[in-house]
Amino acid sequence: MKRLALALLTTLSLAAFAADEPEFKLVIENHKFTPDRIEVPAGKKVKLVIENKDATPEEFESKQLNREKVIPGKSTATIFIGPLKAGEYKFVGEFNEKTAKGVIVAK
Ligand SMILES: [Cu+2]
């Protein structure tokens with residue numbers, strides 16, 4: 001019984017933690033990310049909310065972050081990253097790599 005209560009408590013605190021992630025917004029427009037540099041806290045799970053204002057799909061891709069996600073045109077996607085070590089993590093919009101690029105800086 002005690003063990004069950006503890007398990008429940010752990011689950012609840014994890015759920016509370018999950019709702020607490022710092023959130024950062026990115027916009028894709030004209031095949032560019034705005035902002036193209038975001039600073040996030042190191043050692044924490046972080047939520048990225050990416051709005052694609054273009055009519056065409058874009059793929060958020062970062063080998064360093066091990067993330068890859070297609071965001072259809074005129075829609076919004078959520079990507080969780082981290083906890084990250086301090087450092088710089090590059091990302092691109094793979095469908096428009098020449099213009100769509102940015103960096104996440106974990107501090
Ligand atoms: Cu890809």
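Let me begin by describing the structure that accompanies this report. (Residues numbered from 1 in each chain as written. Predicted model: local features only at pLDDT ≥ 70, side-chain atom pairs only at ≥ 80, totals over all residues. Heavy atoms only, no water.)

## Some thoughts on the pairing of strand β4 (residues 46–52)
Part 1 of the argument: Among the seven residues of β4, five are classified as buried, and the element is accordingly described as predominantly covered.
Part 2 of the argument: When strand β1 (residues 23–29) meets β4, the two strands line up parallel, connected through six bridges. In the strand pairing of β4, Lys 25 is matched with Val 49.
Part 3 of the argument: Of the pairings in the sheet, the one linking β4 to strand β7 (residues 75–81) comprises seven bridges and is antiparallel in character. Looking across to β7, one finds that Leu 48 is bridged to Ile 79. (Buried < 20%, exposed > 50% of the residue type's maximum accessible area, 1.4 Å probe, protein only. Helix = DSSP H or I, 4+ residues; strand = E, 2+ residues; numbered from the N terminus. Pairing = 2+ DSSP bridges.)

## Considerations on the sheet that holds strand β8 (residues 87–93)
Part 1 of the argument: Here we have five strands laid out as an open sheet, ordered β3-β9-β8-β5-β6, and mixed in their pairing. The sheet is open, and its two borders are formed by β3 (37–40) and β6 (67–71), each paired with just one other strand. The mean angle between the axes of side-by-side strands here comes to 20 degrees, regardless of whether they run parallel or antiparallel.
Part 2 of the argument: The pairing of strand β5 (residues 58–62) with β8 spans two bridges and is antiparallel. Following the sheet pairing, Glu 61 is matched in β8 by Val 92. (Axes fitted to C-alpha atoms, helices over the stretch in contact; angles between N-to-C directions.)

## Things to note about the sheet that holds β4
Part 1 of the argument: Read across the open sheet, the four strands follow the order β2-β1-β4-β7; overall the sheet is mixed. In the strand order of this sheet, the two ends are held by β2 (32–34) and β7, each with one partner. Adjacent strand axes in the sheet meet at a mean angle of 25 degrees when their direction is disregarded.

## Notes on unusual backbone geometry
Part 1 of the argument: A cis geometry characterises the amide bond from Thr 34 onward to Pro 35, with omega recorded as -10 degrees.
Part 2 of the argument: For Pro 35, the position within the fold is in the loop between β2 and β3.
Part 3 of the argument: Of note, the bond from Gly 82 into Pro 83 is cis; its omega dihedral lies within 30 degrees of zero at 5 degrees.
Part 4 of the argument: Structurally, Pro 83 can be placed in the loop between β7 and β8.
Part 5 of the argument: In this structure, Lys 74 is a non-glycine residue whose phi angle is positive, near 55 degrees.
Part 6 of the argument: The topology assignment puts Lys 74 in the loop between β6 and β7.
Part 7 of the argument: Residue Lys 74 is classed as exposed on the basis of its relative accessible area, which comes to 62%.

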